Every structure is written in C-alpha cells, then in structure tokens.
Amino acid sequence: MRFQFIIRMFLNKAYHLSLKKNILIALVLCLLQSALWFSACVGQKPEYKIRNFSQYVMPMVGTGGHGHTFPGAAYPFGMVQLSPDTRLDGWDGCSGYHHSDSLIYGFTHTHLSGTGCLDYGDILIMPFSQKYEIPNTAYASSFNHATELATPGYYSVQLNKHNIKAELTVTPRTGMHRYTYAMDNNGILIDLAHRDEVLDSWIELVNDTVIRGYRNSKSWATDQRIYFYLISSEPFDKSFIYRNDSIMDGNRLEGKNLKAALYFKNKNNKQVLFKVGISGVSCNGALLNLKTENPLWNFDKIKEQAALAWNTELSKIEIEADQQVMNNFYTAFYHCMIHPNLNNDVDGSYRGRDMNVYADKQHNLYTVFSLWDTYRALHPLLTLIDKKRTGDFINTFLHQYEEGKLLPVWELSSNETFCMIGFHSVPVIVDAYFKDVTSFDINKALAAAKQSADTTLYGRYFFNSNLYLSNAIEHESVSKTLEYSYDNWCIAQLAKRMHSMRDTPIYTKRSLSYRNLFDYKTKFIRGRDNGSWHTPFIPSEVNNYYTEANAWQYHFYVPHDITNFMKMHGGVGAFAAKLDSLFTAPMALKGRQQADITGLIGQYAHGNEPSHHMAYLFNYVGQSYKTQYYTNRICKEMYNPQPDGLCGNEDCGQMSAWYVWSALGMYPVCPGSNQYVFGSPLVNKAVINLENGEQIEINTKGDASPYWNKVTLNKKIYGSSYITYEDVKNGCQLTFNRCDSMDATKPVWNRPFSETNDSTFIEVPIFEVASRTFTDSMLVTISHPQKDIELYYMTTERPGMRMARKYTKPFYIDTTCEVNAFAKSTKGPFSAAIKGEFNELHKNRKIKIMSEYDSQYTSGGDMALIDGIHGDKEFRKGNWQGYFGKKFEAILDLGKVDTIHSVSATFLHDQSPWIMAPKIVAYEVSQDGSNFTLLEEIQNQLPDTISVPTVVKFQTTGNPIFGRFIKVNAPNFGKLPSWHLSKGENSWLFIDEIEIK
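Treat the numbers as computed from the prediction; the structure is a model and nothing was measured. (Residues numbered from 1 in each chain as written. Predicted model: local features only at pLDDT ≥ 70, side-chain atom pairs only at ≥ 80, totals over all residues. Heavy atoms only, no water.)

1. Brief notes about the pairing of strand β9 (residues 164-170)
Right, on to step 1. Counting buried positions over the seven residues of β9 gives six, a clear majority of the element.
Right, on to step 2. For strand β8 (residues 154-159) and β9, the ladder comprises six bridges, and the chain directions are antiparallel. Paired with L159 across the two strands is I164, which belongs to β9.
Right, on to step 3. With six bridges connecting them, β9 and strand β10 (residues 174-180) associate as antiparallel partners. Along β10, the bridge assignment pairs K165 with T180. (Buried < 20%, exposed > 50% of the residue type's maximum accessible area, 1.4 Å probe, protein only. Helix = DSSP H or I, 4+ residues; strand = E, 2+ residues; numbered from the N terminus. Pairing = 2+ DSSP bridges.)

2. With respect to the sheet that holds strand β40 (residues 707-713)
Right, on to step 1. The sheet built from six strands is open, its strands ordered β20-β38-β39-β43-β40-β41 with mixed pairing. Of all the strands in the sheet, the pair left with one neighbour each is β20 (317-320) and β41 (716-717).
Right, on to step 2. Examined bridge by bridge, β40 and strand β43 (residues 732-739) share six bridges and lie antiparallel to one another. Looking at β43, one finds that L713 is bridged to L734.
Right, on to step 3. Against the sheet, helix α18 (residues 654-664) touches β20, β38 (685-689) and β39 (695-701), its axis set at about 60° to β20. (Contact = heavy atoms within 4.5 Å. Axes fitted to C-alpha atoms, helices over the stretch in contact; angles between N-to-C directions.)

3. Examining the packing of aromatic side chains
Right, on to step 1. Taken as a whole and judged by the stated rule, the model has 70 aromatic pairs.
Right, on to step 2. Aromatic side chains Y433 and F434 sit 6.4 Å apart centroid to centroid with 50° between the ring planes, which places their arrangement in the tilted category.
Right, on to step 3. A ring pair is formed by F463 and Y484, whose centres lie 5.3 Å apart and whose planes are at 80°; its orientation type is edge-to-face. Of this pair, F463 sits in helix α11 (residues 460-466) while Y484 sits in helix α12 (residues 477-497), and the two are 21 residues apart along the sequence.
Right, on to step 4. Relative accessible area serves as the criterion here: at 1%, F463 is assigned to the buried category.
Right, on to step 5. The ring of Y154 carries K303 above its face, with NZ or CZ at 3.9 Å from the centroid.
Right, on to step 6. Directly above the ring of W552 sits K578, whose terminal nitrogen or CZ lies 5.4 Å from the centroid. (Phe/Tyr/Trp six-rings, centres within 6.5 Å; stacked < 30°, edge-to-face > 60°. Lys NZ or Arg CZ within 6 Å of the ring centre and 35° of its normal.)

4. Concerning the state of the cysteines
Right, on to step 1. Per the stated rule, a full pass over the model turns up zero disulfides.
Right, on to step 2. No disulfide involves C117; its nearest neighbouring cysteine sulfur is the one of C419, lying 4.4 Å away.
Right, on to step 3. When its relative accessible area of 25% is taken as the criterion, C117 is described as partly exposed.
Right, on to step 4. Between C739, a free cysteine, and C635, which holds the nearest cysteine sulfur, the sulfur-to-sulfur gap is 18 Å. (Disulfide = S-S within 2.5 Å.)

5. Considerations on the nonpolar core
Right, on to step 1. Membership of the largest hydrophobic core comes to 229 residues, with the highest contact counts inside it found for F107, I190 and F333.
Right, on to step 2. It is α12 that provides the largest number of residues to this core, a total of nine residues.
Right, on to step 3. Among the nonpolar cores identified, the runner-up in size contains 27 residues, and Y883, V952, V968 and I994 belong to it. (Core = buried A, V, L, I, M, F, W, Y, C linked by side-chain atoms within 4.5 Å.)

Geometric values such as these leave the question of function open.
Given below as structure tokens:
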C-alpha cells in the first residue's frame with residue numbers, strides 16, 4: 001500500500017509536468033495511473049476464473065414496492081453511487097428513486113440502498129436543452145422505463161423533455177456522465193440545494209471547463225460534508241450561478257441554496273462528457289481522486305473497468321441453477337456489495353467521527369454501517385469470502401472508537417445516527433476474529449467492545465446492574481434486552497478466547513439477561529412494567545416494547561443459548577410446537593402500524609431482520625425437513641426478479657445476504673459461533689472461491705425438491721444438520737441428495753447447538769399486582785419461576801420496613817411507596833433486584849374523558865391522568881395518553897366543592913414523530929357539573945418548529961375560585977404545517993398529568 005502511494009504521488013507530479021511538454025508522455029503516464037488504480041482497487045488478479053455474472057444482475061429489483069434500492073451506476077463498495085433521483089421525500093423515496101415515478105430531477109452522486117430513512121442524494125447534475133431561465137424544478141424531465149438500461153456499473157435513460165440520452169458510469173471515487181444532446185441551448189444544471197437541508201455550501205467556476213464546490217447538509221446524519229470537482233470535456237460558453245434562484249455576480253458563491261447553469265457553444269458534435277470526483281475531506285482530495293482514477297476521457301473504458309470489477313467480485317461465488325435462481329442470486333449478491341462504502345481518498349485521507357481529518361495509508365476506511373441489519377448475514381458472508389475487506393471494516397470501527405469514543409451503531413458519512421438498537425459492531429468483530437481475520441489490534445477491539453457494553457447510553461447502565469430493561473427505563477425494552485444479551489455473549493466469547501478471567505463471567509452473566517423477560521405461563525418473552533408483566537398481553541400486537549416487531553417476531557431471538565431456551569419452554573417438543581405456531585399463527589397484526597413488518601408467513605416476518613434466523617431453528621429440534629421446507633418457500637415467495645421483487649427493505653445488503661446464504665443451503669444462525677446451519681440449497685452446483693485459493697464446492701443431486709435425506713462431506717457421509725467453519729475454511733466438497741419427501745423421524749441428524757451456562761445467574765422475582773395505583777390498599781404478591789429460591793423484599797411504606805425481609809406470603813400496602821425485591825438461591829447466589837413504585841390515588845377524585853384515546857397510548861387508562869405519575873420526554877415509554885387527529889376533552893370531579901388555587905395539564909411536543917402541543921388550553925369550572933364558567937385560556941408560547949422533545953405545562957395563574965368540577969379542553973393542533981417533512985398529515989396530541997391545587 002505504501003509503495004502504491006509513493007508511485008501514485010510520483011505519477012501525479014510527472015503527469016502535470018508532461019502536460020506542458022509532451023502529450024504522448026502524458027498519455028502513457030495516464031495509462032500507468034489507470035493501471036495502478038485498477039490493481040489497487042481490485043487487488044491482484046484472482047486465481048479463479050472471472051466470468052460474466054453481471055448478465056444475471058437486475059439492478060431494478062427492489063426499486064418498486066418497499067425495497068428502497070436504486071438502479072444507477074455503482075462500483076463494488078465504492079464511494080460514488082451515481083443514479084437518477086425521481087423522488088424528493090417520503091418513506092419510499094429513501095433511495096431517491098422509485099419505479100412508480102415518471103419524472104427525473106437529475107443525477108446525484110451518493111445513494112443509500114434499501115434503508116428506511118432519507119439521506120444522501122448529493123451534488124445533482126441535470127442536462128438540459130432550453131433557453132436561459134432561472135433554474136428550479138422545472139428542469140425535471142419525464143422518462144420511460146423502456147429507455148432505461150441498468151447493469152452493474154452503468155445506467156442510461158432518455159430524458160424526454162430535453163431529448164437527451166444520459167449515460168452514467170463510475171470508478172470507486174468518481175462519477176462519469178455522457179450526455180448526447182439533440183437540440184440547441186445545451187447545458188447542465190448543478191444543484192447543491194437538492195434533497196436534504198443544507199447547512200453551508202459554496203460553488204466556484206474555476207475556468208470554462210472546471211467547477212468545484214462543497215456541500216454541508218443535515219438529514220439522517222446531521223453533519224455531512226462532501227466536496228466535489230467537476231471537469232467538462234467541452235468548454236462552457238456561458239455560465240450563471242444562483243443563490244435563492246437569483247443570478248449573482250462573480251465566479252464564487254456561498255450560501256444555502258446554490259445552483260449553477262452552464263451552457264455550451266452549439267456544435268455539430270452534441271456529445272459531452274463530465275467527470276466528477278468527490279471527497280469527504282477537501283476539494284484537493286476530490287481532484288486527486290479524479291486524476292488518479294479517471295485521468296482520461298474514455299467513458300467506455302471506465303464502463304468496462306466497472307463491469308470487470310463487478311464480475312471479479314461476483315465470480316467469488318459461481319453457481320449453476322435455473323434462470324430465475326441465477327437472476328435472484330446474482331442480483332442479491334450484487335446488492336451485498338453496494339455497502340459499506342469507501343470513505344477515504346486515494347491518499348488515505350478521511351474524515352473521522354469527530355469531523356477532523358486523518359490519514360490511514362494501510363487500510364481503506366468505510367462508511368454506511370447498517371449493523372442492526374447486516375451483522376446477521378451480510379458480514380458473516382463477507383467474513384467468509386472477503387477477509388481483507390472485513391479487516392478494513394474492523395479497522396474502521398476501531399478508528400471510529402478512537403475518534404468518537406464508541407464503536408459504530410448505525411454510522412453514516414462519519415456521523416453516528418444511533419438509528420437502531422444494540423451494539424452490533426461487536427459480533428462483526430468477534431465473528432471475524434474467530435474466522436481468521438486478524439489484521440487488527442484484538443486488545444483494542446476487546447476494550448472497544450467492553451466500552452460499548454458499559455456505556456450509560458440507551459439504558460445500558462440499568463441493564464448491566466438489573467440484567468433486564470423495562471419500558472420505564474428505555475422504550476423497546478424487550479428488543480434491547482434480547483440484543484444486549486447476545487452482544488454481551490459475543491464479548492464473553494472474545495474475553496474467554498483471550499483468557500480474561502475477570503471479564504468472561506461478567507459478560508456471560510449479562511448474556512443470560514433475556515431470561516428475566518421470559519414468562520413461564522404464556523411461554524413468551526414479554527415486557528415488564530414496574531416489576532410486573534405488561535398487560536394486556538397480545539403476542540401479535542406491535543407496540544413500543546419491541547423494535548419494528550411484536551412478541552412473536554422477537555420471541556426466538558436467543559441465538560447464543562438455544563439449548564437452555566428450549567428447556568425453559570418445557571423441552572424440545574414444546575419448543576418445536578412453539579416454532580410451528582410461529583409459522584401457522586394468523587397473519588393479522590394488532591397495535592401500531594409498522595411498515596417494516598412484511599413478508600408474513602403466520603407471524604414470521606421475512607421483510608424485517610429479527611425473523612431472519614427463525615426458519616433455521618427447526619434443525620435444533622431435529623426437524624430439519626421443516627427448515628428445508630420453509631427456507632425453500634421463503635426463497636421462492638419473497639424474492640423475484642422484478643422491481644417489486646423484495647418483500648421488504650433491502651437494508652444495505654442484509655435481505656440479499658439471507659438469499660445468498662439460503663440458496664447455497666446454509667445460514668449463520670449465531671455469528672460468533674463456528675456453525676453454519678443447513679437449509680435447502682437452490683443451486684445445482686456452487687463454488688465459493690476463498691481468498692486462500694481453496695474452494696467450497698456445493699452440489700445437489702436429484703430432482704428439484706426442497707428436501708434432502710443425505711449429505712456427504714468430501715464424499716463421506718456427514719451426519720449433522722450443520723457444518724463448521726473449520727470444515728470449510730480450507731475448502732471442501734459438500735453434496736446434498738434431494739428426495740421427494742421427508743420422513744419426519746428419519747434420518748436423525750446431529751443437531752446444531754448453542755448453550756450458555758452460569759450457575760450464579762438467578763432470575764429476578766415478579767410482582768403480581770392489580771395495578772400501579774390504588775385508592776385504599778393493594779395486595780402485593782411476589783412470585784418466582786425457579787425452585788429452591790428464597791424471596792426477600794423491602795418497602796418505603798413504613799420506617800420499619802426499609803430492611804429486607806423474607807417473603808412468606810402476600811402483603812398489603814396502603815400508601816404511596818416503593819417496593820424492592822430480590823431472589824436468593826438456597827445454594828448462595830442472589831438475583832438482581834426489581835423495583836415497583838405504587839401510587840395512592842385521591843380517594844374522592846374521578847375523571848371522565850369525553851375523547852377517545854389511541855389503544856397504543858393509554859398510559860394505563862383514564863385514571864392515569866390524575867395518578868401522580870408524570871411522563872418524560874420519551875413518549876415511547878408509555879406514560880403519555882395519545883389522541884391522533886382528535887381534541888382532548890375531560891371533566892375532573894374533586895368529589896366536593898373546594899377552593900381551587902391552580903389547574904394545570906401537561907402536554908408533550910415532539911414534532912418529528914408528529915406530536916404537537918395544542919395551541920391553546922381552556923379550563924372551565926363548575927359547582928354542579930352542568931353550568932361551567934371559563935376559568936382561563938392559556939396560549940402555547942412554544943415555537944412549533946422546536947426540534948427537541950419538550951414537555952409543556954399549561955397552568956392557570958388567576959385568583960382562587962370555588963368549584964367541584966373542572967373541564968379541560970385542548971383542541972388538536974391540526975394538520976402538520978407546510979414546513980414539516982410530513983406536511984398535511986394528522987398530528988398527535990399527547991397529554992399526561994392534570995393537577996389541581
């Protein structure tokens with residue numbers, strides 16, 4: 001790498017000198033540069049044969065439906081994704097393109113593949129043929145899909161309005177445009193205000209062929225910085241730069257709404273080329289990337305090089321199958337190599353997580369780490385077939401740890417978005433290290449992993465001490481408990497490998513925390529509130545205890561302890577029945593609408609990641625034939641070579657990686673273990689070309705059937721329904737014998753397994769109470785699922801009860817108090833503690849709510865508004881009562897006429913999830929409940945546009961008044977305003993406590 005860097009710098013210098021003296025020398029040097037770039041990007045010529053698998057790739061797959069992919073030109077793991085933008089906003093506009101659209105606004109140089117949030121779409125270029133006019137969205141052109149052509153590394157389309165053929169191709173860090181004009185008044189528009197909010201930008205017309213600029217914007221990632229250099233093959237005849245659509249003088253302009261219109265002289269040759277280099281570091285970095293990777297004006301050569309790069313990557317796995325499988329497989333494999341993306345310039349410079357500029361000349365640095373999705377299948381796939389790049393990923397993680405003090409969670413453009421849950425850099429690191437990726441500092445990696453687990457972020461301080469989460473501490477508490485458990489298991493395995501006697505037991509115990517949410521009565525993993533189970537419990541309900549899922553879709557997420565999890569269900573048979581129920585339960589979902597839950601088979605949801613391993617779990621109960629049936633069915637029903645051929649978001653390669661693994665007949669159920677669990681191969685033959693020169697050869701014999709009854713490894717009978725990394729890492733020959741049907745009892749395979757044991761782990765107790773509130777008194781029962789357990793409790797109700805007492809029978813509480821409890825094994829170990837806070841209500845006060853609150857946001861019912869328990873800024877914890885598109889109206893009865901000194905009601909304002917505080921709250925008072933007098937109207941002084949969650953209290957300030965009944969009236973804010981991303985939609989009104997003094 002250092003040698004290539006030195007030669008590259010020498011060539012750059014020689015290139016500039018030669019331009020002044022000898023065009024031939026310049027040409028030779030440019031060719032040397034191109035050869036050097038290609039060898040550096042693709043690596044040494046692989047030993048395996050490069051074949052034209054690009055012919056099977058269909059980039060349009062996922063551009064329809066909710067796949068959120070884009071069809072444009074990309075390079076494997078490249079910095080540039082040059083693609084048309086047809087949609088400016090909305091959930092299905094996340095990639096900038098949707099197949100149902102008919103207008104193209106232009107071509108931008110960065111795109112996200114399959115995400116659920118809007119971002120990228122930087123540096124828009126749009127060719128046009130028209131008279132001079134102030135640029136605006138009128139430059140958009142209609143197009144027809146019939147004129148589109150999308151192949152790996154290339155995209156073209158005819159722009160109807162301007163009669164222009166647009167063609168795009170890429171190198172890793174540059175985009176190349178070729179526009180064929182057919183009319184007069186030809187030019188291009190550069191729009192730096194396109195898509196997300198611009199924080200700062202500038203543009204400069206360097207000369208009549210060169211434009212450069214900078215864009216700092218805010219969207220999902222809040223501080224994105226991109227520099228660009230654009231060079232034209234034809235000089236501009238006239239050029240205009242605009243700020244706020246007004247023409248400005250000069251060659252350089254700064255502002256937040258900048259555009260440039262550049263016109264060419266009318267010539268017979270109407271084909272014009274543009275080269276655009278980008279960088280996250282500087283304009284000089286963008287120019288260096290451009291000169292290094294694309295020094296000539298040969299569009300077809302760059303297109304060929306991009307196609308060769310793709311075929312080199314695609315040839316790492318060679319398959320033979322029917323046409324649809326070939327299309328599905330190589331399209332999926334292609335989508336596996338869009339992200340992550342290069343984030344460093346050719347000289348090693350990159351922008352770090354702290355926004356400072358660094359350099360690493362030993363490794364390529366990357367961005368776009370959708371780790372909640374990709375740690376499951378994409379990264380294990382790349383760990384197997386692309387160890388060098390996987391090492392660079394992990395070195396990127398460690399750089400981000402050094403610069404941002406935390407391993408990436410969902411990193412984008414050097415920004416941490418914290419979009420999803422868990423700390424899933426850890427399983428990527430651990431799985432890679434256990435599979436012979438060692439090109440990083442393992443001691444630093446362990447320290448970074450521990451720091452991610454031990455941080456106080458997102459409830460981890462509570463999880464680490466109490467060994468579970470409740471929604472009172474952190475929303476989506478069930479999902480976070482489960483995923484934190486698995487991530488801690490990964491740390492424990494790494495600590496064990498490194499012989500850390502101190503760390504191993506700490507993280508092992510945390511990895512069993514999921515058990516504290518297992519309800520032995522319902523046999524579901526459930527949410528807990530205030531030490532009790534959350535009720536009512538409906539397994540199909542999508543609510544704020546789960547991340548984009550319900551209880552069914554997270555129940556089986558215990559990949560590291562399946563053996564013990566089966567025992568908790570009552571044994572293998574009971575667990576098998578539970579798995580059957582997952583796939584046969586009614587498909588109807590209850591609760592909150594969640595667009596990500598798609599691809600349903602029963603309650604199994606293939607369109608979202610938490611379900612992805614579940615069909616493979618039948619192997620663990622000795623029912624491999626069911627895994628074979630369901631994985632085959634999912635492959636055939638959920639993947640089709642059509643624009644809407646994905647049943648859910650592509651999610652940066654995870655959806656596709658599942659297909660790649662499953663078509664090959666195996667899946668990494670538990671990254672960090674050495675097991676690949678067998679499924680049902682779709683291929684007739686596959687060859688996985690490993691970096692060490694060895695091959696994994698997979699063959700299937702017999703008719704096309706999802707079932708097989710025999711497998712051989714290196715021509716010897718293999719009696720397991722899984723294979724280990726050690727069996728495949730040096731190459732092997734694996735053969736599956738298909739059969740027409742599968743006898744449920746034969747053959748008997750050695751089952752995959754995962755088991756985590758800690759004899760000191762004791763599950764926490766459970767409070768069994770009627771409610772969190774009471775009027776006179778309440779009975780408290782404490783239970784525990786294990787035998788040989790003693791229970792202890794303490795309460796703040798009376799001074800004498802502050803010491804721990806042994807629990808022998810249920811007891812009453814009759815005043816507001818806190819109850820703590822823990823369990824102790826008769827063999828010695830203690831559980832973590834649980835805490836319940838119970839509130840005594842005013843005995844005579846009642847409330848009648850005339851409006852209808854949403855079933856997802858009840859806060860516990862009507863009395864929740866006068867129970868003395870206050871909601872905070874996080875509405876998803878469940879302490880707010882929500883009204884969607886409706887006003888709030890209620891009458892509070894004090895029970896008797898009394899002196900009212902003040903009345904207040906508290907509302908939440910959180911405009912991003914559509915929660916808007918009311919503009920006005922009115923209070924009326926009455927002594928008889930029929931004749932009300934206005935007490936006070938209070939205007940909301942909070943700006944609607946405030947971006948941070950804010951609790952707003954509307955409190956009266958007038959003189960005391962006599963009354964018994966208080967009416968509270970809060971009109972709904974109404975439709976979301978024009979400045980809102982979801983303008984025109986109904987808004988939420990969230991209220992919690994009404995207080996009377």
